[in-house]
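What follows is the residue order along each chain.
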Amino acid sequence: MRLLHTSDWHLGRSFHRVSLLDAQAAYLDHLVATVEEREVDAVLVAGDVYDRAVPPLTAVELFDRALHRLAAVGVPTVMISGNHDSARRLGVGAGLFERAGIHLRTDPEGCATPVVLADDHGDVAFYGLPYLEPAQVKDVLGAGKAGHEAVLTAAMDRVRADLATRPAETRAVVLAHAFVAGGEPSDSERDITVGGVAAVPAGVFDGVDYAALGHLHGSQRVTARVRYSGSPLAYSFSEADHRKTMWLIDLDADGGIAAEERIDCPVERPLARLRGRLDTLLEDPALDRHEHAWVEATLTDPVRPADPMARLARRFPHTLSLVFDPERPPDDPGASYAQRLKGRDDHQIAEDFVAHVRGGSGPSDLERTVLRAAFDDVRVDETVREVSR
């Protein structure tokens, strides 16, 4: 059975205030064309269909057109909600869509109810695990505690229990939206850390033939059977070196991967991260190839030059981001507050603040636990508020 694994469309997202709607439409054209040309048997969409819980109408219309086109080619599509989606909104009409071969899986309680498709070798059971916010699904799934590993393990236990009731030759595929240990993140994924832990071990998915993951935006293998397709477009300059693709996977009669291929996604405009003094960026002939790219320029001039953005735009008209990182020693008192905080998360910054006001004495273990719980509560509350709007 030939699978096309994709995820993280983030329909409605912009890039530094530049609309990506046309680029997303071009990607969906490419997706449908690939399904037809490569004789795909099932399309897998591993979450983050939309960029936010209440997407703009233009994004909803784009999604609607995509569903109609996928239904028209007669190839089943299995799709789950991600941490950016409103699971309840995305799941509206799921029963009706199912009649057209579009299988939306947005309810955690239905994670062990597979979409069963057949080929010449028998059945393949597709289990959709929507994004599982630990605090919200712990009791629903009977997990021991509110952590990512606990709730995913509980969901996978249900999957394995259902699979055990099926014929022994049944192959199994899981779609999930999570941060799996060994995956390489980028700057554009929303933080899902709970209790200081964001990643879960790949072993959570033991017992199935393929795990089609979403959430991380770089296409990558965690193991041979556990993979991220990545996002089809770049959503931050940290993805400038990504090769944006979809996985084309052939499952053999025994559930092994008989063939695999990365299908390149269309690139509307490449990304470039340039660094150096302004005069160098403006004069270096080696940078000619970036003149039509979206550009993030980091200026290292010791003194901020005059009109840097206007001057850069004359050579690089698609410059979107300008960063100042003067050439100074790390302990220079003139270093900016942002530079001092670079690479530190909110919890580390809070701990540093406690140490600062106490004259060097950091928080106790109990205080660290309280701080961690407070940050987790705020993140979950923001998620609940967004979804309930």
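Scoring rules and cut-offs
- Residues numbered from 1 in each chain as written.
- Predicted model: local features only at pLDDT ≥ 70, side-chain atom pairs only at ≥ 80, totals over all residues.
- Heavy atoms only, no water.
- Pairing = 2+ DSSP bridges.
- Helix = DSSP H or I, 4+ residues; strand = E, 2+ residues; numbered from the N terminus.
- Contact = heavy atoms within 4.5 Å.
- Axes fitted to C-alpha atoms, helices over the stretch in contact; angles between N-to-C directions.
- Buried < 20%, exposed > 50% of the residue type's maximum accessible area, 1.4 Å probe, protein only.
- Polar contact = N/O pair within 3.5 Å; in protein donor to acceptor, adjacent residues only side chain to side chain.
- Left-handed = near helix turned anticlockwise from the far one by under 90°.
- Nonpolar A, V, L, I, M, F, W, Y, C, P; charged D, E, K, R; others polar.
- Phe/Tyr/Trp six-rings, centres within 6.5 Å; stacked < 30°, edge-to-face > 60°.
- Salt bridge = Lys/Arg side-chain N within 4 Å of Asp/Glu carboxyl O.

Draft legend 1. Looking closely at the sheet that holds strand 8 (residues 122–129). Taken in spatial order, the six strands line up as 7-8-9-12-14-13 in an open sheet, and their pairing is mixed. Each edge of the sheet is formed by a strand with only one pairing partner; in this case those strands are strand 7 (115–119) and strand 13 (220–221). Contacts between helix 6 (residues 148–164) and the sheet are confined to strand 8 and strand 9 (171–177), with strand 8 contributing the most and set at about 160° to the helix.

Draft legend 2. Examining the side chain of Ser219 more closely. In this fold, Ser219 is placed in the loop between strand 12 (210–214) and strand 13. On the basis of relative accessibility, which here comes to 18%, the residue Ser219 falls in the buried class. Among the polar contacts made by the side chain of Ser219, one reaches the side chain of Thr245 at a distance of 3.2 Å. Residues within four places of Ser219 in sequence aside, it is in contact with Tyr228, Ser229, Gly230, Arg243, Thr245, Trp247 and Arg262.

Draft legend 3. View of the environment of Arg227. Tracing the backbone through its elements, the reader meets Arg227 in strand 14 (residues 226–228). On a C-alpha basis, the gap between Arg227 and His5 in space is 9.2 Å, while along the polypeptide they are 222 residues apart. Apart from residues lying up to four places away in sequence, Arg227 is in contact with His5, Tyr210, Ala211, Ala212, Leu213, Gln220, Arg221, Val222, Trp247, Ile249, Ile257 and Glu260. Engagement of the side chain of Arg227 in a polar contact is seen with the backbone oxygen of Ala224, the distance being 2.8 Å.

Draft legend 4. Broad picture of the packing of helix 5 (residues 134–141) against helix 6. Packing of helix 5 against helix 6 brings their axes to within 9 Å, and their N-to-C directions diverge by 35°. In this structure, helix 5 crosses over helix 6, and the sense of that crossing is left-handed. Contact with helix 5, carried on its side by Pro134, Val137, Lys138, Val140 and Leu141, involves His148, Val151, Ala154, Ala155 and Arg158 of helix 6 and no other residues of that element. For the contact of helix 5 with helix 6, the per-class residue count stands at seven nonpolar, one polar and two charged.

Draft legend 5. Local environment of the sheet that holds strand 19 (residues 319–324). Taken in spatial order, the three strands make up an open sheet running 17-18-19, and their pairing is parallel. The open sheet has two free edges, formed respectively by strand 17 (271–276) and strand 19, since each of these has just one partner strand. Each strand of the sheet is rotated relative to its neighbour by a mean of 15°, with strand direction disregarded. Pairing of strand 18 (residues 294–299) with strand 19, which is carried by five bridges, proceeds in the parallel orientation. Paired with Ala297 across the bridge in strand 19 is Leu322. Relative to the sheet, helix 8 (residues 308–315) contacts strand 18 and strand 19, its axis offset from that of strand 19 by approximately 135°.

Draft legend 6. Structural context of the packing of aromatic side chains. One pass over the structure, following the stated rule, counts three aromatic pairs. Ring geometry for Trp9 and Tyr27: centres 6.3 Å apart, planes at 70°, overall edge-to-face. Of this pair, Trp9 sits in the loop between strand 1 (2–6) and strand 2 (14–15) while Tyr27 sits in helix 1 (residues 21–37), and the two are 18 residues apart along the sequence. There is no split in this pair, since Trp9 and Tyr27 are both buried. Look at Phe15 and Phe237: their rings are 5.0 Å apart centre to centre, the planes differ by 55°, and that puts the pair in the tilted class.

Draft legend 7. Main features of the side chain of Asn83. You can see Asn83 is positioned in the loop between strand 5 (77–80) and helix 3 (87–90). Assessed through its relative accessible area of 7%, Asn83 is described here as buried. A polar contact of 3.4 Å, which involves the side chain of Asn83, links it to the side chain of His215. Ignoring anything within four residues of it in the chain, the contact list for Asn83 reads Asp48, Tyr131, His177, Arg190, Ile192 and His215.

Draft legend 8. Main features of the pattern of salt bridges. Enumeration according to the criterion identifies 20 salt bridges in this entry. When the shortest N-O distance is used, the salt bridge between Arg225 and Asp209 registers 3.9 Å. Here the residue Arg225 occupies a position in the loop between strand 13 and strand 14, and Asp209 occupies one in the loop between strand 11 (199–200) and strand 12, the gap between them amounting to 16 residues. A relative accessible area of 15% places Asp209 in the buried class. A salt bridge links Glu327 to Arg277; the nearest nitrogen and oxygen atoms lie 2.6 Å apart. Of the two residues, Glu327 sits in the loop between strand 19 and helix 9 (337–341) while Arg277 sits in the loop between strand 17 and helix 7 (278–283), which places them 50 residues apart along the sequence. Note on Arg277: relative accessible area 37%, which makes it partly exposed. Among the charged side chains, a salt-bridge network with shared partners connects Arg221, Arg227 and Glu260.

Draft legend 9. Examining the environment of Leu21 more closely. Counting through the fold element by element, Leu21 comes out in helix 1. Judged by its relative accessible area of 24%, Leu21 falls in the partly exposed class. Residues Leu21 and Leu62, 41 residues apart in the sequence, show an inter-C-alpha distance of 8.3 Å. Sequence-distant contacts of Leu21, that is, excluding residues within four places in its chain, are made with Thr58, Ala59 and Leu62.

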